[in-house]
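Residues per chain are reported as follows:
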Amino acid sequence: MDFRAFNPATGAFLYSLAPITPVASEVLLARIDAEQRDWRVVSVANRCAFVTALGAVLRARRDTLANALVQEMGKPISAARAEVDKCAALCEIAPSIAMRALADDQPVSDNRVSVRVRYEPLGCVLAIMPWNFPYWQALRFAVPTLLAGNGVLIKPATSVPGPAHLLDQCVQEARAVVSGGTLPPAPLHTAMLALDVIDDVIGDPRIVGVTLTGSDRAGRHVAQVAGKHLKKVVLELGGSDPFLVLPSAHVARAAQMAVTARTVNTGQSCVAAKRFIVCEEVYEEFTALFLAGMRALVVGDPSDEQTQVGPLATAAIRDGLRVQVQRSMEYGAVRLLGDDSDRGPGYFFPPTVLVNIPEHAPAACEELFGPVAAVFRVPDTAAALACANRSPFGLGASVWTTDPAEAQHCAQVLDVGMVFVNDIVVSDARFPFGGVKQSGVGRELGLAGFREFTNQKTVAIRHA
């Protein structure tokens, strides 16, 4: 399959790129393997020099990088700039986290024995990346893994070849910045790998592990192939994040942030809130405010500074979302906002709000990747928690309450990887990112993420 770029705002075909040949793939694997062998013996402090240089390059090329996101995935320009800024900020803060995460631990030390735990690189890791945050999700994985001494081979999504190519250019520019000293080249490369060769690359002995951000179906396949070869995996497979509004919540603030939480990246985010679970006591007030906020969103050309909701990234995503909404209504859900009309030639989908959703409707049990909100009325906090945990996914949850004890109880009971109280779920370099259940395995970012692809080697020395 070729890498084919379309403009989601118009549906116009832009260009296509052929995958790299098997010969080129072999050359690249040999190159990254050789580079990693030199890179692994470089100190963490010296590895940080490359990441710092990369952050500077990203800031310098901000507008070019952002415009590519607008053109090839329809991301509103303000959000596109924010993604580039977040990547640059990651490169700036990652060195300080790496110095802590990768330093030796000393869990035991007495007159008889001393024990240290070392965090050593595993080798070269394949990263199969999605289209919705082409820069952030690639670097969110690559920067910590690279700082741990590993090599990283990025396979981008087929619909965003332009951003992938630009990111690779930034890497090459950063490599050139630090190449004047004794630092060997950082083993970080992007390759337009065809889908039908991915299994072979995972099985290649020069690849020690694989990470994927994508659907649970793709995650199961990658895990199965990796398991056959005893390769480590980290899988971030999305979710259907609950947004709980409890009786003590500041309802106006919760409703305002609910609009942001549902429509970040036009709703195409794994941690976008998707199920709004509202207690009876505040349901009418919240729903009225939430509907008003969703209705007021500016939908339009992603290159316009005023646009808040752009097109969906592909026609297939738009069409699939439309089917999920229609099927949910066939189950009995009621649509309070939105309609079935096409919004121009591009892949636009109107902000939509569904209520009265039966338990087995798609809006209740599937991930809705677009600006569609599912609102559930529940009698109390216990019912809200039960509804939240009913999902097969378990990535993040947002809880709105002014009761500290209730906040702690919810954080303990919710079966997710991340709980944010009185805030929306976000990824941040300083703490681990990941989920449970069908939302994946492993962690990115934070101390845990920097250590995911390391050999946590115990060295015990008994004193003579």
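Just so it is clear, the model here is predicted, and its values are computed rather than measured.

Enquirer: Hey, could you run me through the overall build of the protein chain in this one?
Expert: When helices and strands are counted, the protein chain shows 15 helices and 20 strands. A compact globule built from 464 residues would reach a C-alpha radius of gyration of about 23 Å, and the protein chain, at 23 Å, matches this within 12%. For the protein chain, the C-alpha atoms occupy an extent of roughly 70 × 60 × 40 Å along the three principal directions. Each of the 464 residues in the protein chain was classed as buried or not, and the buried ones make up 56%. Taking the intrachain contacts of the protein chain between residues at least 6 apart in sequence as the baseline, contacts between residues at least 24 apart amount to 73%. Treating the 42 positive side-chain charges of the protein chain as one cloud and the 46 negative ones as another, the clouds have centres 5 Å apart.

Enquirer: Help me understand the packing of aromatic side chains, please; the structure alone is not making it clear to me.
Expert: A ring pair, where both rings are aromatic, is described by two values, the distance of the centres and the angle of the planes. According to the stated counting rule, one finds nine aromatic pairs in the structure shown. On the basis of an interplanar angle of 70 degrees and a centroid distance of 5.4 Å, the ring pair of F6 and F13 is categorised as edge-to-face. With relative accessibility at 27%, the residue F6 sits in the partly exposed group. Using a relative accessible area of 42% as the deciding quantity, one classes F13 as partly exposed. Taken together, F243, F276, F286, F290 and W400 form an aromatic cluster joined through their ring pairs. One cation-aromatic arrangement involves R140 over F433; the distance from NZ or CZ to the ring centre is 4.2 Å. One cation-aromatic arrangement involves K232 over F453; the distance from NZ or CZ to the ring centre is 5.8 Å.

Enquirer: Is there a simple way to think about the sheet that holds strand β20 (residues 454–462) in this case?
Expert: Within a beta sheet, neighbouring strands are joined by backbone hydrogen bonds and run either parallel or antiparallel to one another. Across the sheet, three strands lie side by side as β3-β4-β20; this open sheet has antiparallel pairing. Pairing within the sheet leaves two strands with one partner each, and these edge strands are β3 (105–109) and β20. With strand direction ignored, the average angle separating the axes of adjacent strands in the sheet is 20 degrees. Bridge count for strand β4 (residues 113–121) against β20 is nine bridges, and the pairing is antiparallel. Pairing of R116 across the sheet is with V459, part of β20.

Enquirer: Looking at this structure, how should I read the nonpolar core?
Expert: A general tendency of soluble globular proteins is for nonpolar side chains to be buried together. F50, L54, L58, Y135, I357 and L414 are the most contacted members of the largest nonpolar core, which totals 102 residues. The dominant element in this core, judged by the number of residues it contributes, is helix α4 (residues 77–101), at 11 residues.

Enquirer: I keep staring at unusual backbone geometry and nothing clicks. Help me out?
Expert: Residues other than glycine predominantly adopt negative phi, and peptide bonds predominantly adopt the trans conformation. A positive phi is found at N265, a non-glycine position, where the angle reads about 55 degrees. Structurally, the position occupied by N265 is in the loop between α9 (251–263) and β11 (273–279). A positive phi angle, close to 55 degrees, is found at T266, a residue other than glycine. Position of T266 among the secondary structure elements: in the loop between α9 and β11.

Enquirer: Please clarify how the state of the cysteines should be interpreted in this entry.
Expert: On inspection of all chains with the given rule, the structure shows zero disulfides. C48 forms no disulfide, and the closest cysteine sulfur to it belongs to C91, at a distance of 11 Å. Taking relative accessible area as the criterion, C48 reaches 6% and is therefore assigned buried. No disulfide involves C279; its sulfur sits 8.8 Å from that of C410, the nearest cysteine. A relative accessible area of 0% places C279 in the buried class.

How each quantity is defined
- Residues numbered from 1 in each chain as written.
- Predicted model: local features only at pLDDT ≥ 70, side-chain atom pairs only at ≥ 80, totals over all residues.
- Heavy atoms only, no water.
- Helix = DSSP H or I, 4+ residues; strand = E, 2+ residues; numbered from the N terminus.
- Rg over C-alpha atoms; globule rule 2.2 N^0.38 Å.
- Buried < 20%, exposed > 50% of the residue type's maximum accessible area, 1.4 Å probe, protein only.
- Contact = heavy atoms within 4.5 Å.
- Lys, Arg positive; Asp, Glu negative; His and termini not counted.
- Charge placed at Lys NZ, Arg CZ, Asp CG, Glu CD.
- Phe/Tyr/Trp six-rings, centres within 6.5 Å; stacked < 30°, edge-to-face > 60°.
- Lys NZ or Arg CZ within 6 Å of the ring centre and 35° of its normal.
- Pairing = 2+ DSSP bridges.
- Axes fitted to C-alpha atoms, helices over the stretch in contact; angles between N-to-C directions.
- Core = buried A, V, L, I, M, F, W, Y, C linked by side-chain atoms within 4.5 Å.
- Disulfide = S-S within 2.5 Å.

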